[in-house]
Amino acid sequence: MFEHPLLVAFLARHGPAPFHPHPVPRRDPFVVLAESIVAQQLSGKAAEALTARLWRRVEPRPEAVAQLPLEALRQVGLSWAKAQALRDLSAKAQEGLLEGLEALEDEAVKERLLRIRGVGPWTAEMFLMFGLGRPDVWPVGDLGLRRAAKALFGVEGEALAAFGEPFRPYRSHLAWYLWRSLD
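How each quantity is defined
Residues numbered from 1 in each chain as written. Predicted model: local features only at pLDDT ≥ 70, side-chain atom pairs only at ≥ 80, totals over all residues. Heavy atoms only, no water. Helix = DSSP H or I, 4+ residues; strand = E, 2+ residues; numbered from the N terminus. Rg over C-alpha atoms; globule rule 2.2 N^0.38 Å. Buried < 20%, exposed > 50% of the residue type's maximum accessible area, 1.4 Å probe, protein only. Contact = heavy atoms within 4.5 Å. Core = buried A, V, L, I, M, F, W, Y, C linked by side-chain atoms within 4.5 Å. Axes fitted to C-alpha atoms, helices over the stretch in contact; angles between N-to-C directions. Parallel < 35°, antiparallel > 145°, perpendicular 65-115°, else oblique. Left-handed = near helix turned anticlockwise from the far one by under 90°. Arc of directions from axis to C-beta. Polar contact = N/O pair within 3.5 Å; in protein donor to acceptor, adjacent residues only side chain to side chain.

Asker: What should I look at first to understand the overall build of the chain in this one?
Answerer: The helix and strand tally for the chain stands at 11 helices and 0 strands. Radius of gyration (C-alpha) of the chain: 17 Å, near the 16 Å computed for a compact globule of 183 residues. Residues classed as buried in the chain amount to 46% of the 183 residues present. Considering only residue pairs separated by 6 or more positions, the chain has 64% of its internal contacts joining residues 24 or more positions apart.

What follows is the structure, given as structure tokens:
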């Protein structure tokens, strides 16, 4: 599968990365995006705890989240901005914005998702990777990816984009392995 020796070495050490395009999303796009919004700028453990509180409070469906008052979302522990972003995500999901994403090219998915309040390039890239299983996403804005590339290879700043090029079409795999190296 991989021709690059570094990916072969990472595969041997960490096992297969979870990226394989699927004809339909593996998880509900609304849930993946909602959890990505919650996780923004949080550690993995903090994001998991906050997400668990959110889904204990409300059913993970756009209609249910849309009906919950903003203050109730805040009481779960969400910032005002994240509460508003979840409400906008709910409204856009009900309008059909999340339908058919699996059939779109990466850039078209990003363009659509960037219409949602609180969804920026990082969230769109995480959705491509973990929601749609896209194997060739290279999220150079991700802090963990930047930290791992610097620590392991001395690559930083603008050089990170070029560093990923030899790993096409498996840059999602490389990112996942770099994140594993931080564990």
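Asker: Explain the nonpolar core to me, please; I cannot follow it from the model alone.
Answerer: The nonpolar side chains of a soluble globular protein tend to be buried, and buried together. In terms of nonpolar packing, the biggest core is built from 55 residues, with Leu54, Leu86, Leu89, Leu98 and Leu113 touching the most fellow members. Counting residues per element, this core draws most heavily on helix α2 (residues 29-39), which supplies 7 residues. Contact partners of Leu98, with chain neighbours within four places excluded, come to Pro29, Phe30, Leu33, Leu89, Ala93, Arg112, Leu113 and Ile116.

Asker: Mind showing me how you'd approach the packing of helix α1 (residues 5-14) against helix α11 (residues 171-181) here?
Answerer: Each packed pair of helices is defined by two parameters, the angle between the axes and the distance between the axes. The N-to-C vectors of α1 and α11 enclose an angle of 50°; their axes lie 10 Å apart at closest approach. One finds that α1 runs oblique with respect to α11. Judged by the sense of rotation from one axis to the other, the crossing of α1 with α11 is left-handed. On α11, the residues touching Leu6, Leu7, Phe10, Leu11 and His14 of α1 are Leu174, Trp176, Tyr177, Leu178, Arg180 and Ser181.

Asker: Whenever I open this one, helix α9 (residues 143-153) confuses me. Can you help?
Answerer: Along an α-helix, residues three or four apart share an orientation, since each turn contains 3.6 residues. Restricting attention to buried positions, one finds in α9 the residues Gly144, Leu145, Ala148 and Ala149. For α9, the angular spread of the buried residues around the axis is 130°, confining them to a single face. The outward face of α9, more than 90 degrees from its buried face, is lined by the exposed residues Leu143 and Ala151. Contact partners of the buried residues in α9: α10 (159-164) and α11. Regarding α9, its N-cap is Asp142, as a side-chain oxygen of that residue lies 3.1 Å from the backbone nitrogen of Gly144 further along. Gly154 lies just past α9 and shows a positive phi near 70°.

Asker: Would you mind showing me how to read the environment of Ala148 here?
Answerer: Note that Ala148 resides in helix α9. C-alpha separation for the pair Ala148 and Gly118, spaced 30 residues apart in sequence, amounts to 26 Å. If near-sequence neighbours (up to four positions away) are discounted, Ala148 is found in contact with Phe153, Leu178, Ser181 and Leu182.

These values are about where atoms sit, not about what they do.
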